Amino acid sequence: MSGTDEGSQDDSDDQQYVNSSANMSLSDRLKQQALDVQRMLKQLEREFEEEDCQTYYILSKNWLDKWKQYVSYENVVNNQSVPNTSGKVMPQNFNYDLIEPYVNECFKYYPLSTNPWNLWLKSNLDEGTHYIVISQQLSSYFNQYYRGTNILRNATGRGKDKKVIVNLLKFNAILMIPNTVNQIAQDNLTQLEKEYMQVDENANLQDFYTTVLRTVPTFRGNYNSQNGVRIWRYTNDTDPHKALFAEIKKQVEDLDFNDDQVFNFSGSPVSISSELTFKSLNLTDKDIIIIEFQQVNRPWCIRHPSVPVEGKCEGCSNITVLTVLCVCKKVSYCTEQCRINDERFHLPKCDRLGSDDEQVKSIHQTATSVNGVAGLSNLGNTCFMNSGTQCLSNTYQLTQYFLSNKYFEEINEDNPLGTKGQLVRKFGSLLKKLWCGDKNIVIPTSFKKAVGQFQPMFKGYQQHDSSELITFLLDGLHEDLNRVKKKPYVESKDHQGRPDVEVAKEGWENHLARNQSIIVDLMHGQYKSTLRCPNCQQISITFDPFLTVGLGIPNRKQKSIQIKVIKSVVSFDIKYIHFDGSKKNLSLKDFINEYVINEFKIDPDSELVCYSSVMNDLSDPINPGQDINAVRKNSKRGYLVVKVVSQDERRIENDERIYLNYVQKAYDSYGHNFKKIIQPSTYLIIKREYSLAKIHLKIFQSLLPIFCDIVKEAELDTEDKLREYYEQHIHGKYYTVNNKQSIMLMQKKCIFCNAKNCQECEVSYYTEDTFEKVQQKQMVNPNDQMQKIELVVFWNKSPFQNINAGDIYQYYQNQQYRKQIEEENNNADQENNGKGKMMGKNNSSSYVMNPPPKVTLQECLRFSEQPEQLAEDNAWYCKVCKEHVQAYKSMQIYKASDILIFTLKRFKASHGFFKQKLETFVEFPVRGLDLTDFIINQNKPHENFQIEEEQKKLIYDLYAVSNHFGGMGGGHYTAYAKNHFNGLWYNFDDSQVTELEEDQVVSKSAYVLFYKRRSEQEQTQTLNTQELN
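Residues numbered from 1 in each chain as written. Predicted model: local features only at pLDDT ≥ 70, side-chain atom pairs only at ≥ 80, totals over all residues. Heavy atoms only, no water.

## Quick notes on the overall build of the protein
Thinking step 1. From N to C terminus, the protein includes 26 helices and 44 strands.
Thinking step 2. Taking as baseline every contact in the protein between residues at least 6 positions apart, the subset at least 24 positions apart corresponds to 72%.
Thinking step 3. For the protein, the exposed area adds up to about 49400 Å²; of that, 46% sits on carbon and sulfur atoms. (Helix = DSSP H or I, 4+ residues; strand = E, 2+ residues; numbered from the N terminus. Contact = heavy atoms within 4.5 Å. Areas by Shrake-Rupley, 256 points an atom, 1.4 Å probe, with all protein chains shown as cover.)

Here's what the structure looks like:
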């Protein structure tokens, strides 16, 4: 007999016993088990040292002791009477106490399911104290009657020196692939997490290398499985993870998506030899083993003096040794001649680290230039930046200034308010690529990094506001180009009864004393600001500069409610539903049928549960007969949630239902300092008699869609399959289910761990407790809201490769959204033959039954001139009353420049910092916006301040629009812009650019409007044309 290879007679005997045991009583079966186990243990003891077997199993000593009590082992083997307690408590889940549940492992060895190095055990286990060694025969025997985890381990030595290696060598490890480098370059990865691998310390490095290489075919992606593995060692005496990340980050921060993801490595290669073992490496916590994998037709990530630089030559496209590196460090060549041959293709996109002024200056428009008709790649939630940048790019007076290289003469590197010229250089380089290059898609990596570096709000990959981006960018460009090298101190004075012309002139001169640039020349205007004291009617008038004009939107007395429809954990939508105030007494059920079902594309036969969610606090399910106005008021600080009940939940009768509240959390993406909510609280419908284990499974079943890269829902279509998969692959690996202890109950013992001041303790899976039993420990009053049980699903590992656990839902939504965009655009191409397409996503919230009201841009202008009372925390000091008062303030445009930028105030504050989006359709003219009646002084700010007797017409034409589709906290931005050269309108949707008909420019999604002032010559030409017509 051997540890893993039993004789056929043994197998036959075991099987005969299994077949016959069905007819035996429980007492007889347990007695027979005890005798069989004794026989197999003695057999292993006799043959262990001499048998030719190197693979064994281990069994928990703690579990074995419980099993012996269960079968009355000592009594049976000693032929003593069996006590009445025999067979009362069956031991559960053998070996569970030996397994280390939370290990941030980064690699699984081939074969994935059986390699012993893939199973992590607790540290420093001792034979006889924590475990015993058993044969495969005995392991298989226990598997026939009990559930648990088989632990396989290898043996070394012969005879008396033979021993089973249970405690493996654990070491710091990092898998280095191009995507890892790319994540660092794009700021998606802000640190290298401490991840681990384990191995038998006596394993030689040649065998280890072979095992790793055999694992490569199991990877997703096209990796080199022939010789595509290299092993490196990195050492740092302080923090090797932090030091290595900084080393990589410094080299790759300017790389684009399509650049080779490579960096120079200061570590050392690990020699692959059968003479060296892992033990001989003497690894410590200051060391990291880096396993590098090469993708097919891609260069290695690591460059090191010990190996030649191999990759694809940018000139001849051959995969070979590269000897010539371009100054931008993004492309390489096999010979100097290849570099020369490729120069005319690479130069327009060559972006040296640190920027090279002379190189950018040399780029000019040619016959092959795209002349502004180029898209910007979305780097991850950067559609807001792309939208704002395209609008500014099509501000041709500004673009012409950059294309002519005039800005180099005016860069102010000494301005403490600027970026030392870095932002303006990156912006200028980007405009050169958009207008002088021949690429239809530009990747704005360097520009995005410059924006984020000097305005931290835009760092990272969160969605932001295009209006804020436009304002910051123009302010930053202004300070970088400010012609005033030393700003004098100026003091503003009140009007003191003086004429407006005099006060306005004085205010503008003070502004020019500190601010002069192309941005001021083209875009800065002047407000007339009037403050009136509500007590004494004292008036203060000042004239202040402005860059953009914010326009309020008149309210048409319609009511709205924010609704979140949840179809699954990954399928939800949030929209504002507008309805007439006369329907405020509709029942919730009727309101859902009339306004929600069609709008959110819900199956009319679905069962729905509605509840309010305010600051992640859920109400009880709402009675469908309650009127919508009451529901709206209760949901005002949050939203009304409409949950589509799953088929599994529908099978539970109404009187048996328990609504279990759970929220999903994870550590933030920037380190383990803060637990953030990654999915708000929601309800799971269960039965009171469900065990805690079944609640675990129901939660996992609801989370299955987020595991789409690992397992398909159809594969787990039975409860047994679901349980088996959860126990083997999910439980304790990706997330834990914890108790959310109420603050009001912190001084009481936790119903799960019995500790006071419990901080989200884990809810055990291996327990017989039911929900009802746990609830009875806590519930004194069933109606007490403070005593309700709430759970937390805390993620510690992402089901997606190279994605932080805190970003899994954002990543999933981005991937699904991109697929939807591609499908809709493909459909649009087929329907419209590729002409004038618009994104289907943009029109998803059409509100066909009850569209939002319409107002004109002129009405918004008039509305914005109305006095508003200042808030209490923004009070004005009245010199007459000698106190701060909530004055009435009105703003009027006194003078406007050539470029006028309007921001429609669609996002308004509601209850403090909460916001809602106004979906009101604002109609605005594309041509001929007459602002004569809305601008007090028709001269430009820098022109004569005297108002001429013969008033001039102020006519503006639209040339760009930044659009926002969707609701607060998300949505999508695009830009519509008119090309200066061909006069055509284009839809700039990130990297996709399509022609647009002029009558499609005006939409309810318009957010920021860009207008250009007509010159007197243009106005005359227009009038003459009209007369001829």
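Next comes the rest of the description.
## Describing the sheet that holds strand S1 (residues 55–60)
Thinking step 1. Strand order in this open sheet of four strands is S2-S1-S3-S4, and the pairing throughout is antiparallel. Two strands in the sheet have a free side with no partner beyond their single neighbour: strand S2 (131–134) and strand S4 (163–164).
Thinking step 2. Relative to the sheet, helix H3 (residues 61–71) contacts S1 and S2, its axis offset from that of S1 by approximately 65°. (Pairing = 2+ DSSP bridges. Axes fitted to C-alpha atoms, helices over the stretch in contact; angles between N-to-C directions.)

## Considering the packing of helix H21 (residues 692–703) against helix H22 (residues 719–730)
Thinking step 1. Contact geometry of H21 with H22 gives a least axis separation of 10 Å together with a crossing angle of 90°. With respect to each other, H21 and H22 are oriented roughly perpendicular. The segment H21 lies against H22, with Lys-694, His-696, Leu-697, Phe-700 and Gln-701 engaging Glu-719, Leu-722, Arg-723, Tyr-725, Tyr-726 and Ile-730.
Thinking step 2. Its residues assigned to classes, the contact of H21 with H22 comprises six nonpolar, two polar and three charged. (Parallel < 35°, antiparallel > 145°, perpendicular 65-115°, else oblique. Nonpolar A, V, L, I, M, F, W, Y, C, P; charged D, E, K, R; others polar.)

## A closer look at the sheet that holds strand S31 (residues 868–869)
Thinking step 1. Across the sheet, which stays open at both edges, the four strands sit in the order S19-S18-S34-S31 with antiparallel pairing between neighbours. Of all the strands in the sheet, just strand S19 (539–546) and S31 have a single pairing partner and so form its edges.
Thinking step 2. Alignment of strand S18 (residues 525–532) against strand S34 (residues 888–895), held across seven bridges, turns out to be antiparallel. Residue pairing for S34: Leu-531 is matched across the bridge by Lys-889.
Thinking step 3. Sitting on the sheet, helix H16 (residues 500–514) is in contact with S18, S19 and S34, with an inclination near 40° to S19.

## Topic: the packing of aromatic side chains
Thinking step 1. Enumeration according to the criterion identifies 54 aromatic pairs in this entry.
Thinking step 2. When the centroid spacing of 5.2 Å and the interplanar angle of 85° are considered together, the rings of Phe-107 and Tyr-109 count as edge-to-face. The same class applies to Phe-107 and to Tyr-109, which are both buried.
Thinking step 3. Aromatic pair Phe-543 and Tyr-894: ring centres 4.9 Å apart, planes at 75°, arrangement edge-to-face. Of this pair, Phe-543 sits in strand S19 while Tyr-894 sits in strand S34, and the two are 351 residues apart along the sequence. (Phe/Tyr/Trp six-rings, centres within 6.5 Å; stacked < 30°, edge-to-face > 60°. Buried < 20%, exposed > 50% of the residue type's maximum accessible area, 1.4 Å probe, protein only.)

## Points about the pattern of salt bridges
Thinking step 1. Tallied over the full model, the rule gives 35 salt bridges.
Thinking step 2. Across the pair Lys-643 and Glu-649 runs a salt bridge, and its minimum N-O distance is 3.4 Å.
Thinking step 3. Here Lys-643 falls in the buried class, since its relative accessible area comes to 10%.
Thinking step 4. According to the relative accessible area criterion, Glu-649 is buried, its value standing at 5%.
Thinking step 5. Taking the shortest distance from any N to any O, the salt bridge between Asp-807 and Lys-676 comes out at 3.5 Å. Here Asp-807 is found in the loop between strand S29 (790–795) and helix H24 (808–832), whereas its partner Lys-676 is found in strand S27 (residues 675–687), with 131 residues between them in sequence.
Thinking step 6. Bridged by salt links that share partners, the residues Glu-410, Arg-483 and Asp-521 form one connected network. (Salt bridge = Lys/Arg side-chain N within 4 Å of Asp/Glu carboxyl O.)

## Things to note about the pairing of S2
Thinking step 1. Residues Tyr-131 and Val-133 point to one face of S2 and Ile-132 and Ile-134 to the other, with burial holding for every one of them.
Thinking step 2. Summarising the sheet, S1 and S2 pair through four bridges and their orientation is antiparallel. Along S2, the bridge assignment pairs Ser-60 with Tyr-131.

## A word on the side chain of Asn-405
Thinking step 1. Here Asn-405 is to be found in the loop between helix H12 (396–403) and helix H13 (422–435).
Thinking step 2. Exposure remark for Asn-405: the relative accessible area of 13% places this residue in the buried category.
Thinking step 3. Reaching out from Asn-405, the side chain makes a polar contact with the side chain of Lys-432 at a distance of 2.8 Å.
Thinking step 4. Among all residues touching Asn-405, those that are not within four sequence positions of it are Val-360, Lys-361, His-364 and Lys-432. (Polar contact = N/O pair within 3.5 Å; in protein donor to acceptor, adjacent residues only side chain to side chain.)

## Notes on the environment of Leu-608
Thinking step 1. Positionally, Leu-608 belongs in strand S23 (residues 608–614).
Thinking step 2. With relative accessibility at 26%, the residue Leu-608 sits in the partly exposed group.
Thinking step 3. Spatially, the C-alpha atoms of Leu-608 and Ile-566 are 9.7 Å apart, while their sequence positions differ by 42 residues.
Thinking step 4. When sequence neighbours within four positions are dropped, the list of residues in contact with Leu-608 reads Ile-592, Ile-597, Ile-602, Val-642, Lys-643, Val-644 and Val-645.

## Some thoughts on the UniProt feature "coiled-coil region" (unreviewed entry) in the protein
Thinking step 1. Those places that UniProt annotates as "coiled-coil region" (unreviewed entry) correspond, in this numbering, to residues 27–54.
Thinking step 2. Taken end to end, residues 27–54 has its terminal C-alpha atoms 36 Å apart, with 75% of it in helix and 0% in strand. (UniProt positions renumbered as here; feature names shortened; annotations may be inferred.)

## A few points about the packing of H12 against H13
Thinking step 1. In the contact formed by H12 and H13, the axes pass within 9 Å of each other and the chain directions differ by 100°. It follows from the interaxial angle that H12 and H13 lie roughly perpendicular. Across from Tyr-396, Leu-398, Thr-399, Phe-402 and Leu-403 in H12, the residues of H13 making contact are Val-424, Phe-427, Gly-428, Leu-431, Lys-432 and Trp-435.
Thinking step 2. Classifying every residue of the contact of H12 with H13 by side-chain character gives eight nonpolar, two polar and one charged.

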